[in-house]
Amino acid sequence: MPRTLIRKNPSNFKTLPLYVEATPEGLSYQGVGRPLNFSQTLQRRRPVTVANPEHFSLELANLGVSVRLTLHWQNRDYWVLVRQRRQDRGDVVLKLISGYVPAHELNLPLHTAIQEIAEECLLETPEGWLGGRFNDTWLPAPYATALHYREALPFRLTPLSGAARPVRCANMQLIERPRAYVHLPTASLQLIYDLRLDVPKEAKSLSLFHVDERLEGDQLVARLDRKRPDLYLMPLEDGQPLPELYTLKKDQLYPASTRGLYLAESFARQEGWLVREERIRWKDWLRQQGLSQPGKESGFSRLTGKAKQILRKIVPAKAAR
């Protein structure tokens, strides 16, 4: 049964609409107007149009932040994706860890991104849940009243290389150079930070879980459901993604089905500063990346010749096929 970790009053969250100016050389934004609560922000997230994807100025509903998180575990790298039922859009997608940037952090969205990792990506060992550090700063432990966090063995967050084109809040360039795009269907500016999470080697029997807040009545509720970890790993090879998804439970990777799967719009094609799609089918994204879905025989085909000979002696030929 899902375990309730925390409850919040959504009216406590405030953000600001944005005025955005984009040129081929860079993009800048600043807050405008009065702070809005969560419901007011959702009402403003309606489609907008832009004629020139490289050069425009317009007002947007909000600033969102995401993290393309590369998890390093047992000498392998994986992208971290989370499953979300998007109540405002009526769909279910796999997406990057993400959230809304509050008004008081518009000039420091990296801080929001780090907090989202602490809230959405939970790492469990038999001795307790892992805390984390970004450089010399400890991440918050948002569910400390409900979960036991280990004081030792924190995971480490470090920045990876940033985007080529600069993004500024007013006249201040954002550190770590996030990738930026304007999402036309929701009239929002989205920033994506590229970060790496190193799991300590001493962390054994590791399990990963995603926790997300859902609006229930007049409260935001975060629950942990062990039967639906909702956190997925996409393996990387030489920095490039492989067309596979896994969940991780007690140091064991379990293949996840991709049938009928959709990815969030951050995986869709970007034109200049614009993304026009709401989501993209998993199969379409693989095609764009030049990847192919692994077949049922892929595990056998990856074996070495000697290993195949041994397997054929043990398993009847029909079964091996």
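Criteria and thresholds
- Residues numbered from 1 in each chain as written.
- Predicted model: local features only at pLDDT ≥ 70, side-chain atom pairs only at ≥ 80, totals over all residues.
- Heavy atoms only, no water.
- Helix = DSSP H or I, 4+ residues; strand = E, 2+ residues; numbered from the N terminus.
- Rg over C-alpha atoms; globule rule 2.2 N^0.38 Å.
- Contact = heavy atoms within 4.5 Å.
- Buried < 20%, exposed > 50% of the residue type's maximum accessible area, 1.4 Å probe, protein only.
- Arc of directions from axis to C-beta.
- Salt bridge = Lys/Arg side-chain N within 4 Å of Asp/Glu carboxyl O.
- Core = buried A, V, L, I, M, F, W, Y, C linked by side-chain atoms within 4.5 Å.
- Pairing = 2+ DSSP bridges.
- Axes fitted to C-alpha atoms, helices over the stretch in contact; angles between N-to-C directions.
- Polar contact = N/O pair within 3.5 Å; in protein donor to acceptor, adjacent residues only side chain to side chain.

Looking up the chain in an unreviewed UniProt entry gives the name Metal ABC transporter ATPase, with the organism given as Pseudomonas frederiksbergensis.

Peer 1: Before we move on, could you go through the overall build of the chain and cite the residues and values that matter?
Peer 2: When its secondary structure is counted, the chain shows 6 helices and 26 strands. Expected size for 321 residues packed as a compact globule is a radius of gyration near 20 Å; at 21 Å, the chain falls within 12% of this value. Referenced to the eigenvectors of the C-alpha coordinate spread, the extents of the chain come out at roughly 75 × 45 × 40 Å. Counting contacts in the chain only where the partners sit at least 6 residues apart, residues at least 24 apart contribute 63% of the total.

Peer 1: So, helix 3 (residues 282-289): which residues are in play, and what are the values?
Peer 2: Of the residues making up helix 3, those classed as buried are W282, W285 and L286. Looking down the long axis of helix 3, one finds its buried residues gathered within 100 degrees of arc, a one-sided arrangement. For helix 3, the exposed residues lying more than 90 degrees away from the buried face are K283 and R287. On the buried face of helix 3, the contacting elements are strand 6 (76-86), strand 20 (231-237), strand 21 (240-241), strand 24 (262-264) and strand 26 (279-281). Two residues or fewer after helix 3 comes G290, characterised by a positive phi angle close to 75 degrees.

Peer 1: Requested: an account of the pattern of salt bridges, with residues and values cited.
Peer 2: Evaluation of the coordinates by the stated rule reveals 14 salt bridges. Ionic pairing is found between R44 and E59, a salt bridge with its closest N-O pair at 2.8 Å. One end of the pair, R44, is in helix 1 (residues 38-44); the other, E59, is in strand 4 (residues 56-60), and 15 residues separate them in sequence. Classification of R44 by relative accessible area gives partly exposed; the value is 37%. Between R276 and E271 there is a salt bridge whose closest N-O contact spans 3.1 Å. Connected through salt bridges with shared partners, the residues K8, E119 and E213 form a single ionic network.

Peer 1: So what's going on with the nonpolar core? Residues and values would help.
Peer 2: Membership of the largest hydrophobic core comes to 55 residues, with the highest contact counts inside it found for Y29, F56, L69, I117, L123, L157 and L189. Looking at this core element by element, the count peaks at 6 residues for strand 5 (residues 62-73). If we ignore the near neighbours within four places in the chain, the residues touching L123 are G128, W129, L130, F155, L197, V199, L206, S207 and L208. Core analysis: the next-biggest nonpolar cluster, separate from the first, contains 20 residues, L81, A268, W282 and L286 among them.

Peer 1: So what about the sheet that holds strand 18 (residues 213-216)? Which residues, and what values?
Peer 2: In space, the 3 strands of this open sheet follow the order 1-19-18, with antiparallel pairing throughout. In the strand order of this sheet, the two ends are held by strand 1 (3-8) and strand 18, each with one partner. The average undirected angle you get between the axes of adjacent strands in this sheet is 35 degrees. Here strand 18 pairs with strand 19 (residues 219-224) via 4 bridges, running antiparallel. If you follow L215 over to strand 19, its bridge partner there is L220.

Peer 1: I'd like to hear about the environment of L60, residue by residue, with values.
Peer 2: For L60, the position within the fold is in strand 4. Exposure remark for L60: the relative accessible area of 2% places this residue in the buried category. Distance in space between the C-alpha atoms of L60 and Y193 is 20 Å, their sequence separation being 133 residues. The residues touching L60, leaving out its near neighbours within four places in the chain, are P17, L18, V20, V48, V182, A187, S188 and L189.

Peer 1: Which residues make up the sheet that holds strand 13 (residues 167-169), and what are the values?
Peer 2: Across the sheet, 5 strands lie side by side as 4-2-3-13-14; this open sheet has mixed pairing. Both outer strands of the open sheet, strand 4 and strand 14 (172-173), are each paired with one neighbouring strand and no more. Pairing between strand 2 (residues 18-23) and strand 4: 5 bridges, direction antiparallel. Considered in strand 4, the bridge of Y19 is made with E59.

Peer 1: So what about the environment of E271? Which residues, and what values?
Peer 2: Relative to the elements of secondary structure, E271 occurs in the loop between strand 24 and strand 25 (274-275). On the basis of relative accessibility, which here comes to 39%, the residue E271 falls in the partly exposed class. E271 sits 92 residues away from R179 along the chain, and the two C-alpha atoms are 13 Å apart. The contact partners of E271, leaving out residues within four places of it in the chain, are P53 and R276.

Peer 1: Talk me through the environment of D198; I want residue IDs and the actual numbers.
Peer 2: In this structure, D198 sits in strand 16 (residues 188-198). When near neighbours in sequence (up to four residues on either side) are disregarded, D198 contacts H72, F155, R156 and T158. Among the polar contacts listed, one links the side chain of D198 to the side chain of R196, at a separation of 3.0 Å.

Peer 1: Account for the pairing of strand 9 (residues 121-125), with residues named and values stated.
Peer 2: With 5 of 5 residues buried, strand 9 lies mostly within the body of the structure. Of the two faces of strand 9, the one holding C121, L123 and T125 and the one holding L122 and E124 are both buried throughout. Relative to strand 10 (residues 128-134), strand 9 runs antiparallel, the two being bridged by 2 bridges. Among the inter-strand pairings, T125 is bridged to a residue of strand 10, identified as G128. The turn joining strand 9 and strand 10, which pair antiparallel and follow one another in sequence, is formed by 2 residues.

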